[in-house]
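Understanding the architecture of this molecule
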Amino acid sequence: MADSEYAEIFREEAGELLEELETSLLELEKDPADLKIVSRVFRAMHTIKGSGAMFGFDDIAGFTHHVETALDKVRDGSVPVSTELIDLTLASRDHIRALLDAATGGGEADPTEGERIIVALQVLVGGGMPLAKQAASAPQVSEEEKDPTLGRRSHYRISVKPTPEFFVGGSTMEALLAELDTLGESTAFMDAEQEDGGALILLTTDKGVNAIEDVLVFAESSCRVTVTVLAVEGEEELEEHKKLGEILLEQGEISAEDLKTVLDRQKPLGELLVGEKLVSRTSVDAALAEQKLVRESKEKATVAKGAESIRVASEKLDQLINLVGELVVTQARLTQVASQHKESELVEPVEEVERLTAELRDCVLNIRMLPIGTTFVKFKRLVRDLSAELGKEVVMVTAGAETELDKNVIDQLGDPMVHLIRNSIDHGIELPEERERAGKPRKGTISLAAHHSGANVVITVTDDGKGLDAERIRQKAMEKGLFRADTEPSEQEIWNTIFMPGLSTAKTVTSVSGRGVGMDVVKSTVDALKGSVSVTHSIKGQGTTITIMLPLTLAIIDGLLVKAGETHFVLPLSQVEECVELTMEDIARFHNRRMLPVRDQLVPYVRLRDFFAIPGERPVREQMVISRINGERFGLVLDGVVGEHQTVLKSLGWVYRHATGLSGSTILGNGHVALILDVTNVMQCARQEEHNTLIN
């Protein structure tokens, strides 16, 4: 039974190790000869096993032990890396995840799956028979050949320099030193100047260097560890050659001060070379400058690598974000009160509060920002498994992995990205033979890219497959009643119908796709994230690009405050393209058809007064805010634009959970409530109303 106090720590650490394990296995499949990757895989599995046993996850430790046994044979070179081995190890990774979820109340693990994997691994690494039988018949590699220091009394110098992560899980240097002491005779030199300093251990043992590395394997992920063989008794080859001064100093024949005095009399190499007229002074100065530049660069890199970090529960960050949101609202009220009183003494401190609040808001929001590359990496496994299942050859390339996005947005981005990739592989990328006949490379390519665009992140999924068949999509859309027979929809309108529920052009329904559900999930999720998704490029025979645009964060957004009657609304500024005036003459010119020409393009619009049944007379000159939703322009007509507004998002509560055209609310500086518009929903409702009117 897992210790509940440490179960969460283990769950988080094991989750990170499993992600690292999957990435390493996919890299190993591409480069089976890279022993560093093999070691990385082994260490991840070894750490999961050891930590699992330590925290009471005995079933995980027991299963991982069998996998580790198989990987050990890969590590010592007796079993080659093969596709079957990668498949089984990836399956092992999935089973450990299932065991982990089951142990923390997240489902059930199938024990027969674990048994199947263990038997398959035993047959694979044992050459067709269980490991026990194989061990008796396989060529024996002596333990001495694998570790030349095993059984021979040897002296080691072990340096352990911990990072702050080492102590997060409750590890201590004392416990590590005690474990090393069980191997033989050890002497430890602790860094007395710093509490979390490192240690230098001199160890004499006949257990071999592998036994030492096994003790240190848990510390390697959070410490800088080096093991040096100083000498093997009976051998002189391994003994390090020391400088004469170092030996005399160690023997006490000379003091450090005397040694330094003598060494200071030596001229630097540059001076000697210049003195001998072998090189010029300029050349020496240039070489010294280069040396300084490289040294400083390395020092900066070391400092950056060793920067301290701490692990904080996401719930605490959410609480901090909420508090900052309340502070932003309070600061807005303070600003409004100060402006009403017009007290000159208040101007400076209020402006200072505004500046500090803005800096605090940006700092807190940045804490929750994560690079989107952490999400991209997860899809490599999906592409690998799905392309193998469908008999296709597909490679995935990524760009902009360092682009940062709010953690909550990234967490919800997984499902839509999975559906987009599955559709690209199933419907877009052709079979290898088909691609060769079309003059394309045998392997198809899926590109995931991300970049910042103002307050948004733009993510594109591009494939070099067959592209969309616009005519077939149009016919399907007409069968579904999405287009009338007498209309001529634009190419963009045809493409966007693939996101409608139930619309699929697949001739057969497979386990991957074909029911017209996946793209609807994509759109629903992206809409919920206050973003947009659209097909931005598709050429028959060349491929398709789908673009997702998302706000950087969902906690505090930049909004545009507008007014209709006495009601204030906020539009996400990221969805606002421009504002124009709508006059009575414009309305009369188009016979109340709710269309306005803007830059040679007719833009349909909805009047908020009508949509929300707001009473009162509308002004003579109305304002129209134009948004671009899923690649299409759409206008919202209102009484007036107040200006930009820092918007802290608040939910509407369960009473208003079915409210149409609204996604939340916010508090204004005067304490009044403003409603946040769901522009996409308003547009959909308006179109549905128009469609129903035309049918009736």
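Residues numbered from 1 in each chain as written. Predicted model: local features only at pLDDT ≥ 70, side-chain atom pairs only at ≥ 80, totals over all residues. Heavy atoms only, no water.

The name an unreviewed UniProt entry gives the protein chain is Chemotaxis protein CheA, with Thiovibrio frasassiensis as the organism. Looking at the protein chain in UniProt, the text filed under Catalytic activity (unreviewed entry) is "ATP + protein L-histidine = ADP + protein N-phospho-L-histidine." Turning to the protein chain, the UniProt annotation filed under Function (unreviewed entry) states: "Involved in the transmission of sensory signals from the chemoreceptors to the flagellar motors. CheA is autophosphorylated; it can transfer its phosphate group to either CheB or CheY." (UniProt positions renumbered as here; feature names shortened; annotations may be inferred.)

Taking 1.5 Å as the rise per residue, helix α5 (residues 111-125) with 15 residues should run 21 Å; its terminal C-alpha atoms sit 21 Å apart, in good agreement. Every buried residue of α5 is accounted for by Gly114, Ile117, Ile118, Leu121 and Val125. An end-on view of α5 places all buried positions within 100° of arc, on one side of the element. (Helix = DSSP H or I, 4+ residues; strand = E, 2+ residues; numbered from the N terminus. Expected span 1.5 Å × (residues − 1). Buried < 20%, exposed > 50% of the residue type's maximum accessible area, 1.4 Å probe, protein only. Arc of directions from axis to C-beta.)

With numbering aligned to this structure, UniProt lists the feature "modified residue: Phosphohistidine" (unreviewed entry) at His46. Relative to the helices and strands, His46 is located in helix α2 (residues 35-55).

Counting residues in each nonpolar core, the largest one holds 39 residues, and the members touching the most others are Met417, Leu448, Ile459 and Leu550. At 7 residues, the largest contribution of residues to this core is made by helix α18 (residues 407-428). Of all hydrophobic cores here, the second largest spans 38 residues; its members include Ala7, Leu17, Leu71 and Ile96. (Core = buried A, V, L, I, M, F, W, Y, C linked by side-chain atoms within 4.5 Å.)

In this section: the layout of surface pockets. Estimated volume of the largest pocket: approximately 2000 Å³. For the lining of the largest pocket, the secondary structure elements donating two or more residues are α21 (491-496), α22 (518-528), β16 (601-607), α24 (608-611), β18 (632-638) and α25 (679-695). With 11 residues, α25 is the largest single contributor of residues to the lining of the largest pocket. When grouped by side-chain class, the residues that make up the lining of the largest pocket number 19 nonpolar, 16 polar and 15 charged. Of the volumes computed, that of the second largest pocket is approximately 1500 Å³. For the second largest pocket, the lining is made up of 31 residues, of which Glu12, Glu16, Arg311, Leu370 and Lys407 are closest to its centre. Mapped onto the lining of the second largest pocket, the elements with two or more residues apiece are α1 (4-30), α8 (164-168), α15 (314-341), α17 (373-389) and α18. Looking at the lining of the second largest pocket, its residues break down into 11 nonpolar, 7 polar and 13 charged. (1 Å grid on protein atoms, 1.4 Å probe; cavity = no way out; pocket = protein on both sides within 12 Å on 5 of 7 lines; lining within 4 Å. Points joined across faces, edges and corners; volume = space filled by probe spheres on them. Nonpolar A, V, L, I, M, F, W, Y, C, P; charged D, E, K, R; others polar.)

Another point: the packing of helix α3 (residues 58-75) against α5. Contact geometry of α3 with α5 gives a least axis separation of 10 Å together with a crossing angle of 20°. With respect to each other, α3 and α5 are oriented roughly parallel. Relative to α5, the crossing made by α3 is left-handed. Along its contact with α3, which presents Phe63, His66, Val67, Ala70 and Lys73, the element α5 presents Gly114, Ile117, Ile118, Leu121 and Val125. For the contact of α3 with α5, the residue count by class is 7 nonpolar, 2 polar and 1 charged. (Axes fitted to C-alpha atoms, helices over the stretch in contact; angles between N-to-C directions. Parallel < 35°, antiparallel > 145°, perpendicular 65-115°, else oblique. Left-handed = near helix turned anticlockwise from the far one by under 90°. Contact = heavy atoms within 4.5 Å.)

What follows covers empty space enclosed by the protein. Rolled over the atoms, a probe as big as a water molecule pinpoints where empty space is left. Evaluation of the coordinates by the stated rule reveals 1 cavity of 30 Å³ or more. When its volume is computed, the largest cavity comes out at roughly 40 Å³. Together, Leu28, Val38, Val41, Phe42, Leu71 and Val74 line the largest cavity. When residues of the lining of the largest cavity are traced back to their parent elements, those giving at least two are α2 and α3. Considering every element that reaches the lining of the largest cavity, the biggest residue donor is α2, with 3 residues. Along the lines of polarity and charge, the residues of the lining of the largest cavity split into 6 nonpolar, no polar and no charged.

Bringing α22 into the picture now. Residues of α22 that are buried: Gly518, Met519, Val522, Lys523, Thr525, Val526 and Asp527. Downstream of α22 by a residue or two, Lys530 has a phi angle that is positive, lying close to 60°.

For the rest of this paragraph, the subject is the sheet that holds strand β12 (residues 556-564). Taking strand neighbours across the sheet as the criterion, the 5 strands line up as β19-β12-β13-β21-β20 in an open arrangement whose pairing is mixed. The sheet is open, and its two borders are formed by β19 (640-648) and β20 (662-667), each paired with just one other strand. Direction aside, the axes of adjacent strands within the sheet are offset by 35° on average. Bridging between strand β13 (residues 567-572) and strand β21 (residues 673-677) involves 2 bridges; their strand directions are parallel. Pairing of Val570 across the sheet is with Ile676, part of β21. Contacts from α15 reach β12, β19 and β20, with the element oriented near 145° to β19. (Pairing = 2+ DSSP bridges.)

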